[in-house]
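Now for the letters of each chain:
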Amino acid sequence: MKSMLADYSADTLKGIHNFIPDKEPKKYLYDLISDYPNRGGKGFRPGLCIATTVAYGGKKEDASHSAICLELLHNAFLVHDDCEDESYIRRGKPTLHEMTNKAIAINLGDAMQALALQPLIKNQQTLGDKVALSIYSEIQHLVLESVEGQAMELGWRKDNVCNLKECDYLQMILKKTCWYTCIHPIRIGAIIGSKGKINPDIFKRLGYFMGTSFQIQDDVLNLVANEDKYGKEICGDIIEGKRTLMLIHLLENCKASEFKKVKKFLSFPIIARKHDEAIEILHLMHHYESIEYAKKISKNLAGAALKEFYTVFSRLPETKDKTLIESIILYMINRDY
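Not measured: the values here are computed from a predicted model.

Parameters and conventions
- Residues numbered from 1 in each chain as written.
- Predicted model: local features only at pLDDT ≥ 70, side-chain atom pairs only at ≥ 80, totals over all residues.
- Heavy atoms only, no water.
- Helix = DSSP H or I, 4+ residues; strand = E, 2+ residues; numbered from the N terminus.
- Rg over C-alpha atoms; globule rule 2.2 N^0.38 Å.
- Buried < 20%, exposed > 50% of the residue type's maximum accessible area, 1.4 Å probe, protein only.
- Contact = heavy atoms within 4.5 Å.
- Areas by Shrake-Rupley, 256 points an atom, 1.4 Å probe, with all protein chains shown as cover.
- Lys, Arg positive; Asp, Glu negative; His and termini not counted.
- Charge placed at Lys NZ, Arg CZ, Asp CG, Glu CD.
- Phe/Tyr/Trp six-rings, centres within 6.5 Å; stacked < 30°, edge-to-face > 60°.
- Polar contact = N/O pair within 3.5 Å; in protein donor to acceptor, adjacent residues only side chain to side chain.
- Salt bridge = Lys/Arg side-chain N within 4 Å of Asp/Glu carboxyl O.

Next up on the list: the overall build of the protein. A count of helical and extended segments in the protein gives 18 helices and two strands. Its C-alpha atoms give the protein a radius of gyration of 20 Å, near enough to 20 Å, the size a compact globule of 337 residues would have. Its C-alpha atoms put the protein at 60 × 50 × 30 Å along the principal axes. Classification of the 337 residues of the protein by burial places 56% in the buried group. Of the contacts made within the protein by residues no fewer than 6 positions apart, 75% connect residues no fewer than 24 positions apart. When the accessible surface of the protein is totalled, it reaches about 15,400 Å², and 53% of it is carbon and sulfur. Taken together, the 45 basic and 44 acidic charged side chains of the protein have centroids lying 2 Å from each other.

Written as structure tokens, this is what we have:
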């Protein structure tokens, strides 16, 4: 799995470089665009798009422009997310706004989103008008859902909302994570591979289960992973006040005095939140088994994703790319915390 994802990611990265203009301003814009993509990553989004394309009978080259678009958008979102979250570390290195400043980083993210449109125009030449338009519609929906989900989370943090339910979290993650991480990459790949003949709605449940499982695992890793391996600051989500499943579970189950203390911590600006107080909240999460609860939910969702995969992909011939999609789901089930 890792080898195939690495190959697809490498091809996509080469494509990204081809779409970066060779002109000024370089120092404060174009030389920075490849920074986050060059840092590496799991490559799930281009990998799912390309693998689904091939599984449905297409060629990996058919999906290259769409994969480039997806990866550019993903990294643009990361740049903006890091600014919004006031994060310090991304993939083991300082975030872009720490390397430069927030204004430059926000502008860079805007530029990456604009550049992501160019590969979609190329789709018209290689895939035809109908399929290219379908992919464009998928991307437009992807962006809108993602910013809506981000707005929900940012709003909860701004207003210090502490009475959320699990269903609120799942709705937010569907919008913020699932559509652009799993649902749309798979849908777009199937549209390309089938030359527009597939009904992409059949992949929504699969992508939802995969994306939610992945996000919950990522949230858990932020609390328990080795920081050097994880590539981001441990407990950063607590300091940033993210309404993770663990935080929601804790607030629903802790004592009134503990609830009041956590809510007070979350009421302070991020810069004023102390790390030792975040560790105390982490200890409460362990005490109330919030982390174990989240792990259980994540594994159940990954299992549901695997079952959905067998249903949706059962009629396709056995290929390396079909196996790759299955392997990604199995990776989620067996992922080491």
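And the narrative resumes.
Glancing now at the packing of aromatic side chains. Following the criterion strictly, the structure yields nine aromatic pairs and no others. Relative to Phe203, the ring of Tyr56 lies with its centre 6.0 Å away and its plane at 85°, an arrangement referred to as edge-to-face. Pair noted here: Tyr56 is in the loop between α4 (44-55) and α5 (64-85) and Phe203 is in the loop between α10 (166-193) and α11 (204-224), with a separation of 147 residues, a long-range link. For the residue pair Tyr56 and Phe203, the accessibility class agrees, reading buried in each case. Arranged with centres 5.8 Å apart and planes meeting at 65°, the rings of Tyr56 and Phe313 form a pair that is edge-to-face. You can see Tyr56 sitting in the loop between α4 and α5 and its partner Phe313 sitting in helix α17 (residues 290-313), a full 257 residues away along the chain. Each member of the pair Tyr56 and Phe313 is classed as buried.

Mapping Thr181 onto the fold places it in helix α10. Assessed through its relative accessible area of 1%, Thr181 is described here as buried. Separated by 3.0 Å, the side chains of Thr181 and Arg45 make a polar contact. Not counting residues up to four positions away in its chain, the partners in contact with Thr181 are Arg45, Leu48 and Phe214.

A few words on the pattern of salt bridges. Throughout the structure, instances matching the rule amount to 20 salt bridges. Linking Asp85 and Lys242 is a salt bridge whose minimum nitrogen-to-oxygen distance equals 3.2 Å. Within this pair, whereas Asp85 is found in helix α5, its partner Lys242 is found in the loop between α13 (236-240) and α14 (245-253), the two being separated by 157 residues in sequence. Overall, the relative accessible area of 2% leaves Asp85 in the buried class. Overall, the relative accessible area of 16% leaves Lys242 in the buried class.

Attention shifts here to the side chain of His97. Inspection of the secondary structure assignment puts His97 in helix α6 (residues 96-99). The exposure class assigned to His97 is buried, which follows from its relative accessible area of 8%. A distance of 3.0 Å separates a polar side-chain atom of His97 from the backbone oxygen of Ser87. Apart from the residues lying within four places of it in its own chain, the contact partners of His97 are Asp82, Cys83, Glu86, Ser87, Lys102 and Ala105.

Keep in mind these values describe shape, not function.
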